[in-house]
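Observations on chain architecture
Residue strings, one per chain:
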Amino acid sequence: MDFFVQYHITNKCNLKCTHCYQGEHSNKDKLSKNDIFKSISELYMIMQGWRLKHDNNLTYSIQITGGEPLLRDDWKDIAIYAKEKKFDITLLTNGTLIDHTNADIIKKNNIKIQISLDGTQKTNDKIRGKNSFSRTIRSIEILKSYNIDTYINITIMRSNLMNLPNLIMYLQSHNIKGIGLTRYVPNINDAASYTNMLSQEELRNFYLYIRKTNKSVNNIYCDDPLYNTINKDTSKSPVNFHSCIQGCSAGFYGITIQSDGTIVPCSRLNIPLGNIKNSSIREIWATSDILWNLRRFENYNDNCKKCNYLRICRGCRAVAHTSKRDYLAPDPQCWHK
């Protein structure tokens, strides 16, 4: 299992995607490079302590993102420093700013890269902005010329649902290393954004399609907790409650640091836990009431608490929070009864 920290090193972005969950793209309260280095050093000490105490096989990674992380001039310094601290590094980018200089840095430092794309040309440009598709594909070709494995992340929503099979076929024909699927999370402050959420039936049918498609290709992955439950019959094969915990990462094996230093359970679950400028990451991880509420299964709503899939799912806490204003509420897109 991988323990990850998603690090938003800037809030600036050169795109204005229709489904973006960040309210503004200013860079106010930006952390200094020294602030970031200090927090990475603390994360390294936490990682070393866990390895010694628990003798586990966890891998530790930092996801560098934004906004658009390549808009920050010192992104490479941050990535290289984290590599020196023995973290696996993934750059999460919109893919429009990759050039040969950036590709060379990515290659030399063995940085993984994930690029967001939400449709073929017409659909993607409607969602992410004019010419964004062609610019992203050009960047992918540059990365290929350096023999860099490229992963694509797709957000699943009503505005691109019918186009996704075409996009997946397109990406597979271009030898993309892996295709990741992320569920759309509405903006809690924008009532209109909720119309872009799929229904329970739409989401389940799409995941069934992905399961079927992936049997022959096997390069599609999905971290959505509900995806773990596809094709499992709880009445015949209940989950072994002593098995390894999987499902929603919030409170268990991931955390997010925003561009002003605010720590939140995940990038979409925007509930402040503290700030790295004046709080210890170790102390927040160990003592936060919100994180412990997420870890205690008895705190979940009955629909989740009584479900056989509790330990491998728990629903998406961000979707529950934005839809119900309660991060322990049932996942509104869950089709299990």
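Owing to the predicted nature of the structure, the values given are computational and were not obtained by experimental measurement.

Rules of the game
- Residues numbered from 1 in each chain as written.
- Predicted model: local features only at pLDDT ≥ 70, side-chain atom pairs only at ≥ 80, totals over all residues.
- Heavy atoms only, no water.
- Helix = DSSP H or I, 4+ residues; strand = E, 2+ residues; numbered from the N terminus.
- Rg over C-alpha atoms; globule rule 2.2 N^0.38 Å.
- Buried < 20%, exposed > 50% of the residue type's maximum accessible area, 1.4 Å probe, protein only.
- Contact = heavy atoms within 4.5 Å.
- Areas by Shrake-Rupley, 256 points an atom, 1.4 Å probe, with all protein chains shown as cover.
- Lys, Arg positive; Asp, Glu negative; His and termini not counted.
- Charge placed at Lys NZ, Arg CZ, Asp CG, Glu CD.
- Phe/Tyr/Trp six-rings, centres within 6.5 Å; stacked < 30°, edge-to-face > 60°.
- Lys NZ or Arg CZ within 6 Å of the ring centre and 35° of its normal.
- pLDDT = per-residue confidence, 0-100.
- Pairing = 2+ DSSP bridges.
- Right-handed = clockwise from strand over helix to strand, strands pointing away.

1. Things to note about the overall build of the protein
Along the backbone of the protein there are 11 helices and 10 strands. For 337 residues, the compact-globule estimate of 2.2 N^0.38 gives 20 Å, and the C-alpha radius of gyration of the protein, at 20 Å, lies within 12% of that figure. Considering only C-alpha atoms, the protein reaches an extent of 55 × 45 × 40 Å along its principal axes. Buried positions account for 52% of the 337 residues belonging to the protein. Of all intrachain contacts in the protein linking residues separated by at least 6 positions in sequence, the fraction that spans at least 24 positions is 69%. Just so you have it, the protein exposes about 16100 Å², and 47% of that area is on carbon and sulfur atoms. Between the centroid of the 45 positive side chains of the protein and the centroid of its 31 negative side chains there is a distance of 3 Å.

2. Topic: the packing of aromatic side chains
Across all of its chains, the model carries 14 aromatic pairs by this definition. On the basis of an interplanar angle of 55° and a centroid distance of 6.3 Å, the ring pair of F3 and Y60 is categorised as tilted. On the criterion of sequence distance, the pair formed by F3 in strand β1 (residues 2–8) and Y60 in strand β2 (residues 59–65) is long-range, its members being 57 residues apart. Each member of the pair, F3 as well as Y60, is classed as buried. With a centroid separation of 5.7 Å and an interplanar angle of 55°, the aromatic rings of F133 and Y170 are classed as tilted. Placement of the pair is F133 in helix α5 (residues 132–145) and Y170 in helix α6 (residues 164–173), with a sequence separation of 37 residues. Judged by relative accessible area, F133 falls into the buried class, the value being 8%. Through pairs of rings, three or more aromatic residues link up here, namely F206, Y207, Y209, Y227 and W335. Just above the ring of Y44 sits the side chain of K85; from NZ or CZ to the centre is 5.1 Å. The side chain of R314 reaches across the aromatic face of F252, ending 4.1 Å from its centre.

3. Notes on the confidence of the model for the protein
Model confidence for the protein is summarised by a mean pLDDT of 91, while 92% of its residues fall at 70 or above. pLDDT under 50 marks residues 234–244. Its contacts with residues more than four places away, or in other chains, come to 12 contacts.

4. Considerations on the sheet that holds strand β8 (residues 254–257)
Read from one edge to the other, the open sheet built from 10 strands follows the order β7-β6-β5-β4-β3-β2-β1-β8-β9-β10, with strand pairing classed as mixed. Looking along the sheet, the strands with just one partner apiece sit at the ends: β7 (220–222) and β10 (274–275). Across 3 bridges, strand β6 (residues 178–183) lies against β7 in parallel orientation. Counterpart to I179 in the pairing with β7 is I220.

5. Re the pairing of strand β4 (residues 112–116)
If a strand is regular, its side chains alternate between the two faces of the sheet. Relative to β4, strand β3 (residues 88–93) is paired through 4 bridges, and the arrangement is parallel. Its bridge partner lying in β4, T93 is registered against I115. Since β3 and β4 lie parallel, the crossover through helix α3 (residues 100–108) that links them has a hand, and here it is right-handed. Taken together, the 4 bridges between β4 and strand β5 (residues 150–156) define a ladder with parallel strand orientation. Paired with I115 across the two strands is I152, which belongs to β5.

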